[in-house]
Amino acid sequence: MTVFEEQMIKSLHVRSMSETDLSEGHDHAALFQSSTISALLEGRYDGDLTFRQLAERGDTGLGTLDGLDGEMIALDGLFYRADIEGRVSEIDPSSRTPFAVVVEFDPDLVSDIGGPGKMSTVLEKVAAVLPEDGVVSAFRIDGRFESVLARSVPKQKRPYRPLVEVIASQNMFEIGPCTGTLIGFRFPEWSEGLEVAGFHLHFIDEDRTRGGHVMDFRILEGTLSAESSSILEVELPPGVDLTCGDLAGEVHDAIERAERPG
Ligand SMILES: [Zn+2]
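What you see is a predicted model, and the numbers here were worked out from it, not measured in a lab.

**Focus: the overall build of the protein**
Here's step 1: Within the protein one finds 5 helices and 18 strands.
Here's step 2: Relative to the compact-globule value of 18 Å for 262 residues, the protein shows a C-alpha radius of gyration of 17 Å, a close match.
Here's step 3: Each of the three principal axes of the protein carries a C-alpha extent, and together these read 50 × 40 × 35 Å.
Here's step 4: With 262 residues in all, the protein has 55% of them scored as buried.
Here's step 5: A sequence separation of at least 24 residues applies to 78% of the contacts in the protein between residues at least 6 apart.
Here's step 6: Accessible area for the protein stands at about 10,900 Å²; split by element, carbon and sulfur atoms hold 48% of it.

**Some details on the coordination of the zinc ion**
Here's step 1: Donor atoms from the polypeptide that coordinate the zinc ion comprise H200 (NE2), H202 (NE2) and H213 (ND1), at 2.1 Å from the metal.
Here's step 2: Positions of the donor residues of the zinc ion along the chain correspond to the pattern H-x1-H-x10-H. Here H200 and H202 have matching classes, each one buried.

**Some remarks on the sheet that holds strand 7 (residues 78–82)**
Here's step 1: Pairing within the open sheet is mixed, and its 9 strands lie in the order 1-2-18-3-10-5-6-7-8. Two strands bound the open sheet, and with one partner strand each, they are strand 1 (5–9) and strand 8 (88–90). Neighbour-to-neighbour, the strand axes of this sheet turn through a mean angle of 20°, independent of strand direction.
Here's step 2: Bridging between strand 6 (residues 71–75) and strand 7 involves 5 bridges; their strand directions are antiparallel. Across the sheet, the residue bridging to L75 is L78, located in strand 7.

**Brief notes about the pattern of salt bridges**
Here's step 1: Throughout the structure, instances matching the rule amount to 13 salt bridges.
Here's step 2: For R140, the salt bridge identified is with D76, shortest N-O distance 3.0 Å. Placement of the pair is R140 in strand 13 (residues 136–152) and D76 in the loop between strand 6 and strand 7, with a sequence separation of 64 residues.
Here's step 3: Between R140 and D142 there is a salt bridge, and its shortest N-O distance comes to 2.8 Å.
Here's step 4: Put simply, E6, R15, D27, R57 and E233 are held in one network by salt bridges that share partners.

**Describing the nonpolar core**
Here's step 1: Ranked by internal contacts, the top residues of the largest apolar core, which has 27 residues, are L31, F185, F187, L232 and V234.
Here's step 2: Broken down by secondary-structure element, the contributors of at least two residues to this core are strand 2 (12–17), strand 6, strand 7, strand 10 (100–103), strand 13, strand 15 (178–187) and strand 18 (231–235).
Here's step 3: With 3 residues, the single largest contributor to this core is strand 15.
Here's step 4: Among residues more than four places away in sequence, those in contact with F187 are L31, Q33, V101, V136, E195, V196, A197, G198 and L232.
Here's step 5: F173, I175, F199 and L224 belong to the second-largest nonpolar core, a separate cluster that totals 24 residues.

**Describing the pairing of strand 7**
Look at any regular strand and the pattern is simple: side chains alternate between the two faces of the sheet.
Here's step 1: Where strand 6 hands over to strand 7, the hairpin turn is made up of 2 residues, of which D76 adopts a positive phi near 55°.
Here's step 2: Sheet topology places strand 7 next to strand 8; 3 bridges connect them, and they run antiparallel. Bridging from a neighbouring strand, A82 pairs with V88 of strand 8.
Here's step 3: Between strand 7 and strand 8, which pair antiparallel in sequence order, lie 5 residues; one of them, G86, sits at a positive phi of approximately 90°.

**Here's the deal with the packing of aromatic side chains**
Here's step 1: Under the defined criterion, the tally for this structure stands at 6 aromatic pairs.
Here's step 2: Arranged with centres 5.9 Å apart and planes meeting at 85°, the rings of F139 and F199 form a pair that is edge-to-face. Here F199 lies in strand 16 (residues 198–205) and F139 lies in strand 13, a separation of 60 residues in the sequence. Pair check on accessibility: F139 and F199 agree, each one buried.
Here's step 3: Each member of the aromatic cluster is reached from another via a ring pair, and the members are F145, F203 and F217.

**A short note on unusual backbone geometry**
Here's step 1: The omega torsion of the bond from G115 to P116 falls at -5°, within 30 degrees of zero and hence cis.
Here's step 2: Looking at where P116 falls in the secondary structure, it is placed in the loop between strand 11 (109–114) and strand 12 (117–118).
Here's step 3: With an omega dihedral of -5°, the bond running from R158 to P159 counts as a cis peptide bond.
Here's step 4: Locating P159 in the fold gives a position in the loop between strand 13 and helix 4 (163–167).
Here's step 5: You will see that S35, though not glycine, has its phi angle at about 65°, which is positive.
Here's step 6: Tracing the backbone through its elements, the reader meets S35 in the loop between strand 3 (31–34) and helix 1 (37–41).
Here's step 7: Although it is not a glycine, R208 sits at a positive phi angle of roughly 60°.

What counts as what
Residues numbered from 1 in each chain as written. Predicted model: local features only at pLDDT ≥ 70, side-chain atom pairs only at ≥ 80, totals over all residues. Heavy atoms only, no water. Helix = DSSP H or I, 4+ residues; strand = E, 2+ residues; numbered from the N terminus. Rg over C-alpha atoms; globule rule 2.2 N^0.38 Å. Buried < 20%, exposed > 50% of the residue type's maximum accessible area, 1.4 Å probe, protein only. Contact = heavy atoms within 4.5 Å. Areas by Shrake-Rupley, 256 points an atom, 1.4 Å probe, with all protein chains shown as cover. Donors = N, O, S within 2.8 Å, 3.2 Å for Na, K, Ca; no water. Pairing = 2+ DSSP bridges. Axes fitted to C-alpha atoms, helices over the stretch in contact; angles between N-to-C directions. Salt bridge = Lys/Arg side-chain N within 4 Å of Asp/Glu carboxyl O. Core = buried A, V, L, I, M, F, W, Y, C linked by side-chain atoms within 4.5 Å. Phe/Tyr/Trp six-rings, centres within 6.5 Å; stacked < 30°, edge-to-face > 60°.

In structure tokens:
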């Protein structure tokens, strides 16, 4: 039985479902997302799925925590939180996330990205090797970093303010030089609102002590591994729609300011 609603959006299969549909089994090649970036922009910061539920859908990814309490990094099946200062701790599986995207990472592409290089150059190289149309891509870059400029956000209290206001009180910090991993996603331009269109990157160092949402970096050398999928499964909390495309200019600007690296 098909429990989800499937829509073809510009040749990408987008399947939406509610929390109760999660137990129905899933496509291991699909990217899985909880809620939408539009919902987060509106201030829906209450946790939805638990990290235990999220772990059943992926071992690699990024997102945030209940009450927007830091930045989330998932790597090799473990889920980490980077607090307002960028300090990393493991997340309790019973805690919840209001927004996350994960994948059961099984790379179909591995490539040396060379170096040293700045973020814009590296992302151009990544863009050049990822497939273009009808797919969403997840990737990681393991390497040695000269520096990573990252940010995290303070835990919010109700009534929640919109994300753009919260981002105004974000804390930026520099990590490195260190060895570590960038976790990234690239979504097509039309998916803005559903997701952060373009690149979205989080970082964690090898010792799992420092991390955050990436604003900029300089890499010394690194290896890219990537997986692309034509299927995106989206779990929608009550009252959240599958917002996609044709967003107002203000929403575009808000995503640009809140989530896009650089
Ligand atoms: Zn982020």
